[in-house]
Structures are given as structure tokens and as C-alpha cells.
Amino acid sequence: MSGNGSTAGTRVELFARSSLPEVASRRRDEVAGRLKQLVEDGHVDDVAIRTWEKKVPLSSDHDELTEYERFRDWAEETGVSLDPFFDTRSCYSMETGERGEWLVLPALCLAVYRDGDLDAVYPHSTNDGSRSVLDCLHAIEAAPGRVTEPLESEGTEQLDLAEVSD
């Protein structure tokens, strides 16, 4: 995460799919609990938990597309990628009976805002590898009073988003 290292004015939003397999539901609950603890401990000012659909048509006006556009702009400005966590696919619509391009959203996503501005989105990919939702939590927890870029650490437990993304 960028910025001056201060957590003042820091707000975190957890986005979770509205329908999740049991293992991902447990992970969502764990992440939500840790975020609430971060508020209690003064690491962040506020946490919001929101749900989104697994996939939405690109030709729609769903809120998920607005969030994705904001996240994509952040990624372009920061020099990272949201791939493969956010993906577009040709999908069949049960409602219309037609194929179309759809945005497939990750099971879990964190958006970190500082002073109202989007500061980071997890998960994302860099030239050095992927940064997970848990990497974000570890970074916030590891440095009392500071939000920093997560350190690489072996053995970090990560949710395998490939298991729950389809």
C-alpha cells in the first residue's frame, strides 16, 4: 500500500460473493472478524462489508462494474494487475438465452481507502507475484499504527481463489 504509513483516515471495504462454498464462507467470516479487530485496535478507522455477485454482464449497470472500473483505474495508475482475480468470460445467460461477455469477480476482495481515496486493492498481481487479501491483513496487523506494503513471507496461509472462482 502506498501513502505515508499512517492509518489515520483509513477505511477498508471487504467485498464477498453473495454465494460462497463452505470453505470460502469460513474464510470470509475470518477476514471480517480480523477487520473488526483492526478497527477495535485502532489500525483502521472503519470497515464495511459488502456482497457482490459471482459474475455480472459487462453490458449491464451493476454496482460491481462501477467498483471494478475504480479498481482497474487504481491498478493502471499503480502499475499492478487485477488479473487473474478479476476476469472477463463469454458466458450464457439463463435469463436472456444469449451469450455475452461477463465480469467474473473474486470470492473475496479488500479495498483500502485513505482519506477517501482508493489506496490499494487486494488481490492483485505485481511483477514479483500475487498479493492476497491475507497479505493485506498481515501488513496492517504487522505494523502497529502503520499500513505498509506486505512483506514476502513463506508459509503465509492464502485462500486459493482458483478453487472458489468458478
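A word on the sheet that holds strand E5 (residues 99-104). Ordered in space as E3-E5-E4, the three strands form an open sheet in which the pairing is antiparallel. In the strand order of this sheet, the two ends are held by strand E3 (55-57) and strand E4 (87-92), each with one partner. On average, each strand axis in the sheet is tilted by 40 degrees relative to the strand beside it, whichever way the strands run.

To continue, consider the packing of aromatic side chains. What the rule picks out here adds up to five aromatic pairs. Ring centres of Trp-52 and Phe-86 lie 6.0 Å apart, and the angle between their planes is 85 degrees; this geometry places the pair in the edge-to-face category. Here Trp-52, found in strand E2 (residues 46-52), pairs with Phe-86, found in the loop between helix H2 (63-78) and E4; they are 34 residues apart in sequence, far enough to count as distant. One exposure class covers both Trp-52 and Phe-86, and it is buried. With a centroid separation of 5.6 Å and an interplanar angle of 35 degrees, the aromatic rings of Tyr-68 and Phe-86 are classed as tilted. Residue Tyr-68 is found in helix H2, and its partner Phe-86 is found in the loop between H2 and E4; the two are separated by 18 residues along the sequence. Of the residues examined, Tyr-68 reaches a relative accessible area of 14% and is grouped as buried. Note on Phe-86: relative accessible area 1%, which makes it buried.

Now for unusual backbone geometry. The omega angle of the peptide bond from Asp-83 to Pro-84 is 0 degrees, so this bond is cis rather than trans. Position of Pro-84 relative to the elements: it lies in the loop between H2 and E4. For the bond running from Tyr-122 to Pro-123, omega is 10 degrees, close enough to zero to count as cis. The backbone of Asp-115 shows a phi angle near 50 degrees, a positive value even though the residue is not glycine. Looking at the secondary structure, you find Asp-115 in the loop between strand E6 (108-114) and strand E7 (117-122). Using a relative accessible area of 60% as the deciding quantity, one classes Asp-115 as exposed.

Right, let's get into the layout of surface pockets. A volume near 280 Å³ is recorded for the largest pocket. Surrounding the largest pocket, 17 residues form its lining, Pro-57, Ser-93, Glu-95, Thr-96 and Trp-102 being those nearest its centre. Elements with a contribution of two residues or more to the lining of the largest pocket: E3 and E5. If you tally residues by element for the lining of the largest pocket, the top one is E5, at four residues. Broken down by class, the residue content of the lining of the largest pocket amounts to five nonpolar, six polar and six charged.

Time to look at the packing of helix H1 (residues 22-40) against helix H3 (residues 133-142). The N-to-C vectors of H1 and H3 enclose an angle of 20 degrees; their axes lie 11 Å apart at closest approach. As judged from the angle between their axes, H1 and H3 are roughly parallel. Judged by the twist between their axes, the crossing of H1 over H3 is left-handed. Across the interface between the two elements, Arg-27, Val-31, Arg-34, Leu-35 and Leu-38 of H1 pack against Val-133, Leu-134, Leu-137, His-138, Ile-140 and Glu-141 of H3.

What counts and what doesn't
- Residues numbered from 1 in each chain as written.
- Predicted model: local features only at pLDDT ≥ 70, side-chain atom pairs only at ≥ 80, totals over all residues.
- Heavy atoms only, no water.
- Pairing = 2+ DSSP bridges.
- Helix = DSSP H or I, 4+ residues; strand = E, 2+ residues; numbered from the N terminus.
- Axes fitted to C-alpha atoms, helices over the stretch in contact; angles between N-to-C directions.
- Phe/Tyr/Trp six-rings, centres within 6.5 Å; stacked < 30°, edge-to-face > 60°.
- Buried < 20%, exposed > 50% of the residue type's maximum accessible area, 1.4 Å probe, protein only.
- 1 Å grid on protein atoms, 1.4 Å probe; cavity = no way out; pocket = protein on both sides within 12 Å on 5 of 7 lines; lining within 4 Å.
- Points joined across faces, edges and corners; volume = space filled by probe spheres on them.
- Nonpolar A, V, L, I, M, F, W, Y, C, P; charged D, E, K, R; others polar.
- Parallel < 35°, antiparallel > 145°, perpendicular 65-115°, else oblique.
- Left-handed = near helix turned anticlockwise from the far one by under 90°.
- Contact = heavy atoms within 4.5 Å.

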